[in-house]
Amino acid sequence: PLRRGERDSAAGQGSVQDQVRGHLSADERFRERIGGHRNRHSSRREHEEPDSSRGSGKSDLICISRRLAELKSAGEAAHTRFRDLSVHLRKIRSGLKVINGDKKAVEKSISDQKKIILDAQRRLRKFESQLAKKLSEKEKWILREKMSLGRLGEIQEEIKSIQEEDDSLTHRWDEYQLKIRTKDLDSLNYWDVEILLSETGLHSFLPRLTECGVITNNQLGMIDDKFFRDMKMTKDFSLGERQRLLFHLKYIKEKHKMYDPSLDSTFRAWSVNDVLCWLIKVNRPDITNYFEKMKICGIALSNVTQETLVSEILEISHEEEFAKRRDLRISIEDGLWAKIVNLREVNGYNSVQDLKNGNSSKDVEQLNQEVASLRMHEGPPLTPGGVSLAEGENSDEKDDPPQQFLCPITQELMEDPVTCKDGSTYERTAVEEWIDRHGTSPLTREPLSKAEVFPNRALKEIIQAYREKKK
């Protein structure tokens, strides 16, 4: 609104209405000034004096009516603007709510992403640790590979060395075979004798034969029974070992080839235990201990001479009385030796010398059958693990055990058989009790002590096999 003084001064220039329209042309200007209009107007009227020069009352009413209309129109416009602003504010608030909801979702998403990142970092550290371990293992494997390659090179060198050694041994073997086929024993050198003794299981003879100069002086063909006594080797090597060496030397000399036990079906293929079983079969268990100490196998049994066998048994018997030594000699010469000769005759030869002509006295098939009958003895084979020594063809059908298995004192099956110097076999507990009471042999009544009682292991094994078979 215009001040009254300004309105009065403007009356001369134009109408009041035109001045009001000029001053109220802008809606924005009106809205800025409408708030303080009433206060200013009332305060001015209180201080102003009545002016006689003011216009007429009708003109003022027209201006006020217009002004009121304008104010009403401005109020409606303001009210409309207010409604618009309220709607807009509600939209803004709704948008803020949406934004707040989105903010929470975003914050939750950010929190989840942080968790995922932390988990990924943890897994990454774990993978880095595993990678470090794998790299360490890889380095170890690389080192192992290098070591393996080095070891492979060493193995290849060893294989090469072994191959060279094998070629050398093959060459030596071929030369050895050529020598024994075309030459005599005296042509064999040290390496040839080493092959011979290794193939026959008599390698222990090599140092002694080298010491006495037999090999270097080419005197291998001169070895006989007297050689071992002259060179004092009887205590170093058993009779069985000495006889085996003599047998192989004679066999090479006569046959010009090595003896192959796998091709021999005669008693020469017997082991020491087989020979012990045969002694029990021919009722000579009293000398099984001697044969076991002498390591008499089938080859030794086929090659040994009577005098050599008797002398060796007398030497290891440690008998000092002449009568007992004489009885032992007679029992061997008149009893056992005849059985040995018969065994040799059954197999078609009586000594190694007869090998020159082969088994000419009997058919090979018949020999095999007869040897099988000796080893089988009408039943199980003659071996400690399953031999049956019952007498007669129907011995297996009887309930009574063989007489050889019974103790002469108790007449019961023996469990721990022992052999005394009188040549008889007893149960250990029974004969020891007898010796404690009487101090003599149960059969010969000659003085006997416990020190003269020796275990009969071969018979013990046979009795055990008999018990198992009965079960």
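These figures come from a predicted structure and were not determined experimentally. (Residues numbered from 1 in each chain as written. Predicted model: local features only at pLDDT ≥ 70, side-chain atom pairs only at ≥ 80, totals over all residues. Heavy atoms only, no water.)

(A) Main features of the overall build of the chain. A tally of regular secondary structure across the chain gives 17 helices and three strands. In the chain, which comprises 471 residues, the share counted as buried stands at 31%. At a minimum sequence separation of 6, the contacts of the chain that also span at least 24 residues come to 56%. As presented, the chain carries roughly 29,900 Å² of accessible surface, and 52% of it is formed by carbon and sulfur atoms. (Helix = DSSP H or I, 4+ residues; strand = E, 2+ residues; numbered from the N terminus. Buried < 20%, exposed > 50% of the residue type's maximum accessible area, 1.4 Å probe, protein only. Contact = heavy atoms within 4.5 Å. Areas by Shrake-Rupley, 256 points an atom, 1.4 Å probe, with all protein chains shown as cover.)

(B) The packing of aromatic side chains, seen in detail. In this structure the tally under the stated criterion is 10 aromatic pairs. With centroids separated by 5.3 Å and ring planes inclined at 85 degrees, the aromatic side chains of Tyr-190 and Trp-191 adopt a geometry described as edge-to-face. In this structure Trp-191 comes out as partly exposed when scored by relative accessible area, which is 47%. Each ring, one from Phe-267 and one from Trp-270, has its centre 6.0 Å from the other, and the planes form 70 degrees; the classification is edge-to-face. Summarising the burial analysis for this pair, Phe-267 and Trp-270 share the class buried. Joined through ring pairs, the aromatic side chains of Phe-205, Phe-227, Phe-228 and Phe-237 make up one cluster. The ring of Trp-141 carries Arg-144 above its face, with NZ or CZ at 4.7 Å from the centroid. The positively charged end of Lys-293 is found above the aromatic ring belonging to Phe-454, 5.0 Å away from the centroid. (Phe/Tyr/Trp six-rings, centres within 6.5 Å; stacked < 30°, edge-to-face > 60°. Lys NZ or Arg CZ within 6 Å of the ring centre and 35° of its normal.)

(C) Quick peek at the confidence of the model for the chain. Overall, the prediction assigns the chain a mean pLDDT of 75, with 76% of residues at 70 or greater. When the criterion is pLDDT under 50, residues 1-17 qualifies, and its contacts beyond four places in sequence or with other chains add up to 19 contacts. This model gives residues 51-55 a pLDDT under 50, and the stretch forms eight contacts once residues within four places in sequence are excluded. (pLDDT = per-residue confidence, 0-100.)

(D) Highlighting the pairing of strand S1 (residues 417-420). Of the two faces of S1, the one lined by Pro-417 and Thr-419 and the one lined by Val-418 and Cys-420 are each fully buried. Pairing analysis gives three bridges linking S1 to strand S2 (residues 425-427), with the strands arranged antiparallel. Across the sheet, the residue bridging to Thr-419 is Thr-425, located in S2. Taken together, the three bridges between S1 and strand S3 (residues 453-455) define a ladder with antiparallel strand orientation. Bridge pairing in S3 links Thr-419 to Phe-454. (Pairing = 2+ DSSP bridges.)

(E) Quick look at unusual backbone geometry. Phi angles above zero are rare outside glycine, and Lys-232 is one such case at about 55 degrees. In this fold, Lys-232 is placed in the loop between helix H8 (225-230) and helix H9 (239-255). Take Lys-232: its relative accessible area is 69%, and that puts it in the exposed class. For His-256, which is not glycine, the phi torsion reads 60 degrees and is therefore positive.

(F) Seen up close, a negative patch on the surface. On the surface, Glu-157, Glu-164, Glu-165, Asp-166 and Asp-167 cluster together into a patch of negative charge. Locating Glu-165 in the fold gives a position in helix H5 (residues 57-182). Assessed through its relative accessible area of 46%, Glu-165 is described here as partly exposed. (Patch = residues over 30% accessible without salt bridge, like charges linked within 9 Å, V, L, I, M, F, W, Y side chains within 5 Å. Salt bridge = Lys/Arg side-chain N within 4 Å of Asp/Glu carboxyl O. Lys, Arg positive; Asp, Glu negative; His and termini not counted. Charge placed at Lys NZ, Arg CZ, Asp CG, Glu CD.)

(G) Highlighting the sheet that holds S3. Judged by pairing direction, the sheet is antiparallel, and its three strands sit side by side in the order S2-S1-S3 without closing on themselves. Where the open sheet ends on each side, the last strands, each with one partner, are S2 and S3. Each adjacent strand pair in this sheet contributes to an overall mean axis angle of 40 degrees, direction not counted. Helix H16 (residues 428-438) rests against S1, S2 and S3 of the sheet, and its axis sits at about 95 degrees to S2. (Axes fitted to C-alpha atoms, helices over the stretch in contact; angles between N-to-C directions.)

(H) Local environment of the nonpolar core. Trp-278, Phe-291, Met-294, Leu-301 and Leu-309 are the most contacted members of the largest nonpolar core, which has 34 residues in total. Contributions of two or more residues to this core are made by H9, helix H10 (272-281), helix H11 (288-294), helix H12 (298-303), helix H13 (306-317) and helix H14 (322-346). The contacts of Trp-278, once residues within four sequence positions are left out, are Trp-270, Leu-301, Leu-336, Lys-339, Ile-340 and Leu-343. In this structure, Val-214, Ile-223, Phe-228 and Leu-249 belong to the second largest nonpolar core, which totals 25 residues. (Core = buried A, V, L, I, M, F, W, Y, C linked by side-chain atoms within 4.5 Å.)

(I) Highlighting the packing of H13 against H14. Packing of H13 against H14 brings their axes to within 10 Å, and their N-to-C directions diverge by 140 degrees. Relative to H14, H13 is oriented oblique. You can see that H13 and H14 cross each other, and the crossing is right-handed. Counted together, Gln-306, Glu-307, Leu-309, Val-310, Ile-313, Leu-314 and Ser-317 of H13 and Arg-325, Leu-328, Arg-329, Ile-332, Glu-333, Trp-337 and Ile-340 of H14 form the full contact between these two elements. In terms of residue class, the contact of H13 with H14 is made up of eight nonpolar, two polar and four charged. (Parallel < 35°, antiparallel > 145°, perpendicular 65-115°, else oblique. Left-handed = near helix turned anticlockwise from the far one by under 90°. Nonpolar A, V, L, I, M, F, W, Y, C, P; charged D, E, K, R; others polar.)

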